[in-house]
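# Survey of secondary and tertiary structure
Letter by letter, the chains look like this.
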Amino acid sequence: RPDEEGYVGGDATPGTYIIGAYNAGGDEATYTIVATVGGTPILAPAGTPLNGRAALGEPMLYRYLHAPGKNASALQMAVAALSGNPDLCVSRNASAMEKLPLLSGATDVAAREAAEKETEAFRAAIAEHCTWHRELDGSDTLTVRHDEPEGGPGWYYAAVFTDDASAQFTFTARVVDGKAVPLEPNQPASGGAPTGGWSYYALNLGDDSDHPVEEVSLVLTATLGEPDLFVSFGEKLPGRADAEHDAAKVGGRSAYTLTLPASDLGTATRLLIGVQAEGTPCAFSLTATVTRRAAKGEGSGGSGGFPPASPPPPSLEPVLRLLPATPMAMDVSDAGVKNFEYVVPSPSTDLELVVTPLGGEWESDRPPQSLLPPKLLAVTGGPNEGRATPAHHDFPPQRTLFESSTVRDAGERNVDARGSWTYKLVQSSKRCRAAHADLGTASSAQDCAAKCRASADGCAYFTYGRRGGKCHAERTTSSACPEGLERADLELYALFPPWDEATSLRIAAQDAAPASCAAASGGAGCVLHAAVICDAPPCHFSVVAAPADQPIKLVGQAQRRVRPANEWAYFSVRVAKDATDVVLTMRVESGSPSLCVVETVDTADDSSPDFDSDDREDGACPQAHPARAADPKLVLQQSDVAADAWLKRNDGDGSFFTLELLPSDKRWCTSCSILLAAASPEAASTFTLTAVVGGVSPAGGGGHGGGGGGGGVGA
């Protein structure tokens, strides 16, 4: 910026910047670097995702030359929001971008307030300024077909803008012609396809003999329709009949992880991925992770002695980027760790990071008390802070010696693993080849577990020797012992917190983005590094990160929430134009939460909902809307509200109830989104909420017009 020390530029102080890129990692890195001066639009290369940052009064501008071949059917622009709430404006006329509000370097309060009002006015009249537009919610795709009045080849101008202090995102422009778009590992890509159409992606694995690929995971999350996933090796695009691997009917669960081990990959150096929905259009986000084997000696922990001569190097396990308020489902068949990162929005608000166990017994009316959850840890810092581990995390806070240290064996009868600390045997006659700390002598495994629980340094794993009673804290990252195993006359145990502490983190704004983090990141912003540890496999779960007052998308998966008394939890559901009903199912674990519809918002143009829009209908409890009430309370006593069909009170006589929305209800809508709220008035509550949209997939379906929904190539 002109007011920063070292700035050169303009007629008065012309100059040249020298930019260097350094790769501190162990693997080869590929990247794209773009520099822009002032309001000059960035020339977007076809099919290459570009990272961007927009702020209030500081939009990111792009220009793209659409030069389709003979097989092309459309232009597609995709934005995946990594933080904040960016919106997309596209026009064939460069002068349309001049209407965007600009701060022009001003930082005073009056200028910012004026920019906020101008941005609101621009958004309200966005259809007048932009030929095509999207009001985004996490990620979205805009498709311009060649047969549209202003479609076809030529220059297109795009702006990604926001009224937030900062919004980070990726922007991709491409020709829809049946060719595969590059898919970068660990970076979410948003996409879509019309009815019967396809979207294709290419994941390059390379040929690194020092770090061969052990496993590739593809995570597909549907936000509209029923997309299916197909994979082939080599140069031939996959189809339904000839794909080498597939994950069909993903929309039934709205998220799916397809894992390909080295034995399936063989000598493949490139994967071609196709996504298609039968009978409906679809929209989705797709993320790929590539796990590589460490080079000889990298993961052995030194000489093989115990403890190791030096700490093992960083794991080659990948890190997944979480999109705001968008659940990501994972399947983990063996013990281990899944790593995630979430860009903290600026300015920061209270954040929630939640893991919801999914499938089978977890989603029953009364799941068995003995089920053990995956464990959630997080640390905040700059992009290079490092991964969260049992020895390196800020949340949950390290326990103190003054807390109760009662721990029960999870294998005992009548042990409620949901409400108490438990421990479980995970390795017999073995220990991890990792550092350890002496906890003294214990009279039993339960006594050793209590010592581990009370350790001031934090302890998630311990070993106990039945012959001598030796008790040690094991400094490993999971019960899989990635450092390696060695035989010993010891038993290795894992410690499990109660469900709420293990699966739900509430992080205050000042802790999510401390000043030290912002300074250390060099302006890149704070990042929440999270780890989900599976010590009782198999683990099938959903993980989501979002500001505490932002609606979480219900796209077929159950979502678990913990709320203090009289505080709302918010959710959103997309309802397609051909929907027949919406069934909301709440499983209550504690407290007496009530569930109500706050409002419905028209999304007939397939865009994501803007819950501050005037095009809305109040529901059963409009006072619960976070943007319309300074202090939203649970006010459900009024007789006219209580009689509304779109409200369900939990009277405490059961742990399972449903709220069904039907076309006969006065506020029924299609091609819309529904904002839901749940809260308990007198006491804290824990519950799981699931939405099923009848007539289409749980992820939604249908939609039309407005510049296109999902894009792809026709069948």
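In this report, we go over the structure that sits alongside the text. The shown structure was predicted, so the numbers you read here are calculated from the model rather than taken from an experiment. Along each chain, the written sequence defines residue order, and numbers are assigned to residues from 1. Confidence filtering applies because this is a predicted model: local features only for residues at pLDDT of at least 70, side-chain atom pairs given and counted only at 80 or more, and all residues used for totals across whole chains, interfaces and linings. Hydrogens are left out, water is left out, and the side-chain values use all remaining heavy atoms of the structure.

## Quick notes on the state of the cysteines
- Note on terminology: pairs of cysteine sulfur atoms within 2.5 Å are recorded as disulfides. The final tally for this structure, using the stated rule, is 7 disulfides.
- Here Cys 89 is linked by a disulfide to Cys 130, with a sulfur-sulfur distance of 2.0 Å. The sign of the -105 degrees torsion about the S-S bond sets the Cys 89-Cys 130 disulfide as left-handed. Of the two residues, Cys 89 is situated in strand S5 (residues 87–91) and Cys 130 in the loop between helix H2 (126–129) and strand S6 (132–135); the sequence distance between them amounts to 41 residues. Exposure class is identical for Cys 89 and Cys 130. Each is buried.
- Between Cys 596 and Cys 621 runs a disulfide, and the two sulfur atoms are separated by 1.7 Å. For helices the rule is a DSSP run of H or I covering at least 4 residues; for strands it is a run of E covering at least 2, with both sets numbered from the N terminus onward. Only protein chains enter the accessibility calculation, which uses a 1.4 Å probe; a residue is then buried when its area is under 20% of its type maximum, exposed when over 50%, and partly exposed in between.

## A short note on the pattern of salt bridges
- We define a salt bridge as a side-chain nitrogen of Lys or Arg found within 4 Å of a carboxyl oxygen belonging to Asp or Glu. Scanning the entire structure with this criterion turns up 18 salt bridges.
- Its salt-bridge partner being Lys 236, residue Asp 242 comes within 3.0 Å of it at the nearest N-O pair.
- Among the residues examined, Asp 242 registers a relative accessible area of 37% and is labelled partly exposed.
- Since its relative accessible area comes to 56%, Lys 236 is described here as exposed.
- Among the ionic pairs, Asp 535 bridges to Lys 375, the shortest N-O distance being 2.7 Å. Pair noted here: Asp 535 is in the loop between strand S31 (527–534) and strand S32 (539–547) and Lys 375 is in strand S23 (residues 375–381), with a separation of 160 residues, a long-range link. The burial state of Asp 535 is the same as that of Lys 375; both residues are buried.
- Through salt bridges with shared partners, one network takes in Asp 350, Glu 352, Arg 506, Arg 561, Arg 563 and Glu 567.

## Thoughts on the nonpolar core
- Put simply, a nonpolar core is a bunch of buried Ala, Val, Leu, Ile, Met, Phe, Trp, Tyr and Cys residues held in one set by side-chain atoms that sit within 4.5 Å of each other. Counting 44 residues, the largest nonpolar core has Leu 584, Leu 595, Leu 661 and Leu 676 as the members making the most contacts within it.
- Of all the elements, strand S41 (residues 672–679) adds the most residues to this core, at 7 residues.
- Excluding anything up to four places from it in sequence, Leu 584 contacts Val 573, Leu 595, Phe 657, Thr 658, Leu 659, Leu 661, Leu 676, Leu 689, Thr 690 and Ala 691.
- Residues Tyr 342, Cys 526, Ala 530 and Cys 534 belong to the second largest nonpolar core, which totals 28 residues. Only heavy atoms matter for contacts: two residues are in contact if any of them lie within 4.5 Å across the pair.

## Quick word on unusual backbone geometry
- The residue after Phe 395, namely Pro 396, is reached through a cis peptide bond having omega -10 degrees.
- If you trace the backbone, Pro 396 turns up in the loop between S23 and strand S24 (408–409).
- In this structure, Pro 538 follows Pro 537 across a cis peptide bond, with omega equal to 0 degrees.
- Within the secondary structure layout, Pro 538 lies in the loop between S31 and S32.
- Positive phi, normally seen in glycine, also occurs at Ser 429, with a value near 55 degrees.
- The class of Ser 429 is partly exposed, set by a relative accessible area of 33%.

## Some words on the sheet that holds strand S40 (residues 656–661)
- The 4 strands are arranged S34-S42-S36-S40 in an open sheet whose pairing can be described as antiparallel. Because the sheet does not close on itself, it has two edges, and the strands there are strand S34 (559–563) and S40. This sheet shows a mean twist of 25 degrees between the axes of neighbouring strands, independent of strand direction.
- A pair of strands is considered paired only if DSSP assigns at least 2 bridges between the two. Bridge count for strand S36 (residues 581–590) against S40 is 6 bridges, and the pairing is antiparallel. Under this scheme, a helix contributes an axis fitted over its contacting stretch, all axes are lines through C-alpha atoms, and angles between N-to-C directions fall in the 0 to 180 degree range.

Geometry only, nothing functional implied.
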